[in-house]
Amino acid sequence: MAIKGIVAPQGKHGPLRTERRAGLCLVITAALVGIVTQSASTEESPQADASNPAIPLYEQPPYDLIYLNAANDNAVLKVTPLPFPDRKTPSPLPRSGFLEVELFDRPGERFRAAWPQIVRIQLFEEILVEEAGRRIDQRDFAAAWDYVEYLHANYPRVQGLDALRQRFWFEEAVALIEQEQFDRAYGDLRNLFAENREYPGWSEAAGRAVDGLVDRYWKRSEYAAARQVVDGLAALLSEHPVVAKRREQFRAEAASLLAEAEDALRRGDFRTADLSARRMMAVWPQLPGAADCLRRVQTAYPRLRVGVTLATGDLDPASLTDGSARRNGRLTARCWAEWSGIGPEGGIYTTPFHTMRLEDLGRRLVFSMTASNRDAVRLSPGKSDLAELLWAMGSSNDERFFLPWAGLAEELTTGPSGELVVRLRRPHVRPEVFLRYPVTSRWVTAAEPRPIASARSGGLEGDSAALTQDGDADLSGRLHVIGPYVRDPAPTADSGQAVAAFVANEDYGERPPGRPAEIDEVTFARGRDALAALRRGDLDAVDRINPWERGLVEGQADAEVRKYAAPLVHMLIPNLSRPLPANRDFRRGLLLGTNRERILRMLLDGRSEDGCRVISGPFPMGTKRADPLGYAYDDGIEPRPYQPAAALALLQVAAAQARDLARKQGQPVPDAGTIALRFPPHEIAREACREIARQWRLLGLEVRLNEAPPRDSTPASDAWDVMYVEAAMWEPAGDAFRLFSLPMFDGRLSHYVMLSLLRVTEAADWPELSARLRALHRAVHDDVAVLPLYQLEDFFVIRKGIEAVPPRPAVLYQDVESWRVVPKQ
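These remarks concern the structure in this document. Given the structure is predicted, the values throughout are model-derived calculations rather than measurements.

Reading guide: rules and limits
Residues numbered from 1 in each chain as written. Predicted model: local features only at pLDDT ≥ 70, side-chain atom pairs only at ≥ 80, totals over all residues. Heavy atoms only, no water. Helix = DSSP H or I, 4+ residues; strand = E, 2+ residues; numbered from the N terminus. Buried < 20%, exposed > 50% of the residue type's maximum accessible area, 1.4 Å probe, protein only. Contact = heavy atoms within 4.5 Å. Salt bridge = Lys/Arg side-chain N within 4 Å of Asp/Glu carboxyl O. Pairing = 2+ DSSP bridges. Axes fitted to C-alpha atoms, helices over the stretch in contact; angles between N-to-C directions. Phe/Tyr/Trp six-rings, centres within 6.5 Å; stacked < 30°, edge-to-face > 60°. Lys NZ or Arg CZ within 6 Å of the ring centre and 35° of its normal.

Considerations on the environment of Cys-293
Assignment of secondary structure puts Cys-293 in helix 10 (residues 290–300). The buried category is assigned to Cys-293, whose relative accessible area is 0%. As a C-alpha pair, Cys-293 and Glu-262 span 31 residues in sequence and 7.2 Å in three-dimensional space. Among all residues touching Cys-293, those that are not within four sequence positions of it are Leu-258, Ala-261, Glu-262 and Met-280.

See below:
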């Protein structure tokens with residue numbers, strides 16, 4: 001049987017042969033008929049003809065289909081793409097003449113098909129449209145969208161593409177609504193509306209999606225987000241019934257919250273009034289009287305709510321390794337000298353209760369108490385309190401003993417005008433570094449004592465006291481911490497989050513109008529949850545933004561993202577009381593096996609940030625060329641590269657050394673294949689340590705991650721081998737000693753590092769100090785006393801309308817006693 005639509009030249013039929021001359025076609029015999037009819041019998045649908053069903057059609061070689069009439073047994077010819085102008089099939093099909101084709105399976109051979117025998121031609125792009133529709137029918141929306149994107153990129157003018165895209169958006173939206181993925185469904189419906197606002201069923205589907213979204217946001221108290229969704233629907237269809245229904249819900253809820261706020265304000269319950277007023281403004285700020293109510297609440301009781309991810313622990317404003325202790329410590333205590341920024345030579349310091357001057361070519365320190373502050377602060381320190389501290393730092397029997405000060409101070413006396421005078425054995429470039437202790441007093445200047453706080457020497461970091469607060473009213477003979485706020489001892493909770501409340505200290509001077517009467521810290525498990533609370537108006541600030549989440553708040557109209565004054569130095573501190581971390585080869589192996597650049601890029605979400613870079617030592621390198629902050633950093637020491645092969649060899653050598661030493665000492669052989677990595681309880685350290693653990697496991701180590709509880713930033717324990725630390729090494733002239741006074745270093749540093757550290761105390765001027773600190777950098781680098789990772793700049797976000805916040809503070813609450821809350825209008 002022959003196919004009548006394909007003919008030989010001059011009407012002859014004979015054996016199958018190929019003519020290579022241009023313009024000639026082939027004779028089709030029964031053999032070819034068999035090929036074509038066999039193809040047609042299996043090609044009832046285009047996709048069935050795909051050579052590999054696992055490969056999408058658009059990734060396979062393109063072809064067109066020619067459908068023949070019943071006289072040719074309804075055969076379907078698979079041919080190479082036809083060269084029609086603009087890829088448009090003639091319409092109607094010609095009724096005479098021939099169409100020259102090339103069979104897909106026989107490339108290079110040309111045939112002629114009679115136009116009268118052709119009933120339909122389906123181009124490749126039309127096949128793709130049909131296949132995409134089939135995928136939509138099967139609810140395989142991911143595969144269907146791949147077809148739609150391919151058609152847009154390669155065949156944008158194919159017939160039916162617009163209808164296909166609109167059908168995709170609607171059908172996927174309906175399926176997503178059934179799966180309660182309302183946000184994605186609403187996005188599809190908005191895309192559909194932009195192209196065809198009359199699409200059948202759009203209004204009903206949009207109403208269901210918006211209802212689902214609003215209910216979800218409402219349950220999470222994300223009222224602003226719920227309003228935005230309804231406003232978005234109103235912008236498309238202002239008369240949509242869901243718009244009216246939901247706006248009435250918002251108005252009713254806001255009216256109820258307004259009544260609660262007014263009632264609480266009358267009763268003097270300012271916390272409830274503030275919370276109700278905030279939620280009222282988030283639900284429906286257009287409510288008559290809402291803005292006035294919020295203004296009156298914030299005027300009567302300025303209250304700030306700050307989101308934190310590291311819960312309140314110790315209250316130590318000078319902590320080296322605990323960010324929450326520095327943050328909260330500044331609320332509840334002042335230091336004799338507070339580092340507040342970077343100066344041309346060392347740090348800039350604030351001394352709230354005294355002045356200090358150098359005399360006799362730097363050999364005499366003269367301290368005078370500031371009278372204005374003593375008159376204003378009820379629990380005010382005197383020169384005897386400062387003298388007690390200076391004496392304690394030089395006494396080896398006191399927990400506040402500080403070796404550099406003991407070697408520097410020679411004599412403590414009183415001057416002719418009552419000032420304190422310290423005679424020094426040699427000049428010191430920055431004596432303020434010795435005074436970063438919380439201010440405490442044993443005396444009360446007013447007649448009526450009022451319990452505020454007590455201080456205890458913590459001993460965790462060698463040069464700073466860990467602070468707690470109690471309610472003991474017996475003030476005589478005790479140390480009393482002096483700060484602008486005191487912690488409310490009653491625990492509170494808000495929407496499931498723990499809240500630490502700090503109220504203004506009445507004994508810390510008169511509170512001027514606008515100064516926060518209360519600061520509440522709300523703890524969140526994730527930084528993104530805190531940022532969401534800020535966006536919906538529940539918070540006024542977030543103390544630390546994860547670097548990969550900065551984009552969530554940048555550009556927010558009512559808030560500012562600001563940078564802290566100096567970066568933190570991230571490092572791994574080895575527990576030198578353990579046999580393997582005490583081995584220098586083991587420490588070097590760990591450092592060479594850590595891809596620090598990769599970890600830093602991960603934390604920065606692939607971005608490059610000035611001031612965020614891998615470092616070679618324990619000191620900050622600054623954020624720009626010739627940065628004064630980097631006076632202790634030796635730029636000539638390059639960070640060790642990532643060398644996993646060398647790391648593996650060093651770890652094996654260290655393991656053998658540890659086994660031999662244990663046998664000689666009669667000790668148990670340490671497990672060289674297991675390492676405990678400890679880290680503080682917040683997201684940056686958590687994510688970094690997960691990546692470090694992944695890299696170390698590639699070296700054959702079993703890594704146990706150990707998240708430290710709050711109040712335990714630098715424990716002296718045998719339960720861990722290496723600890724991830726974020727150190728505030730802002731003044732290396734003093735912080736170097738604080739770092740190596742941590743419990744895990746106690747008496748275990750090499751002589752090389754100890755000698756370099758002690759030589760720092762002998763520096764008499766800035767060039768000499770810088771040189772000796774850089775020599776210490778070299779010693780720490782050679783000995784791998786710590787494993788430096790990178791320095792990372794930190795950011796916070798704060799609502800506009802809070803005035804007198806420094807543009808780049810050292811800690812969030814720097815100058816908090818000067819803040820002023822401007823009520824929202």
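That was the structure; now back to the text.
Some details on the pattern of salt bridges
In this structure the tally under the stated criterion is 68 salt bridges. Between Glu-172 and Arg-184 there is a salt bridge whose closest N-O contact spans 3.5 Å. Linking Glu-172 in helix 4 (residues 161–178) with Arg-184 in helix 5 (residues 182–195), this pair joins segments that are 12 residues apart in sequence. The class for Arg-184 is partly exposed, based on a relative accessible area of 44%. Here Asp-211 makes a salt bridge to Arg-246, at a shortest N to O gap of 3.0 Å. Of this pair, Asp-211 sits in helix 6 (residues 202–219) while Arg-246 is found in helix 8 (residues 241–267), placing the two residues 35 residues apart along the sequence.

Regarding the environment of Ala-387
Summarising the element assignment, Ala-387 is placed in helix 13 (residues 383–393). Between the C-alpha atom of Ala-387 and that of Leu-420, which follows or precedes it by 33 residues, the distance is 7.3 Å.

Digging into the sheet that holds strand 1 (residues 64–68)
What the 3 strands build is an open sheet, ordered 2-1-5; its pairing is antiparallel. Pairing within the sheet leaves two strands with one partner each, and these edge strands are strand 2 (76–79) and strand 5 (118–122). Across the sheet, the mean angle from the axis of one strand to that of its neighbour is 20 degrees, orientation sign disregarded. Across 4 bridges, the pairing between strand 1 and strand 2 is antiparallel. Note that in strand 2 the partner of Ile-66 across the bridge is Leu-77. Of the strands in this sheet, strand 1 and strand 5 touch helix 2 (residues 124–137), which is tilted by about 75 degrees from strand 5.

Some words on unusual backbone geometry
In this structure, Pro-92 follows Ser-91 across a cis peptide bond, with omega equal to -5 degrees. Locating Pro-92 in the fold gives a position in the loop between strand 2 and strand 3 (98–102). Phi is positive for Arg-87, close to 50 degrees, though the residue is something other than glycine. Mapped onto the elements of the fold, Arg-87 is located in the loop between strand 2 and strand 3. Not every positive phi belongs to a glycine, and Asp-605 is a case in point at roughly 60 degrees. Note on placement: Asp-605 falls in the loop between helix 17 (596–603) and strand 24 (613–614).

Examining the packing of aromatic side chains
Counted under the stated rule, the structure contains 22 aromatic pairs. Centre to centre, the rings of Phe-250 and Trp-284 are 6.1 Å apart; their planes meet at 35 degrees, and the pair counts as tilted. Of the two residues, Phe-250 is situated in helix 8 and Trp-284 in the loop between helix 9 (270–283) and helix 10; the sequence distance between them amounts to 34 residues. Assessed through its relative accessible area of 1%, Phe-250 is described here as buried. Between Phe-402 and Phe-434, the aromatic rings sit 6.0 Å apart at their centres with planes inclined by 65 degrees, giving edge-to-face as the arrangement. Of this pair, Phe-402 sits in the loop between helix 13 and helix 14 (403–408) while Phe-434 sits in the loop between strand 12 (420–424) and strand 13 (440–441), and the two are 32 residues apart along the sequence. Just as Phe-402 is buried, Phe-434 falls in that class too. In textbook terms, an aromatic cluster arises when at least three aromatic residues are bridged by ring pairs, as seen for Tyr-58, Tyr-147, Tyr-150 and Tyr-155. In this arrangement the basic side chain of Lys-78 is found over the ring face of Phe-104, its NZ or CZ atom lying 4.5 Å from the centre. Lying over the aromatic face of Phe-98, Arg-112 brings its terminal NZ or CZ to 4.3 Å of the ring centre.

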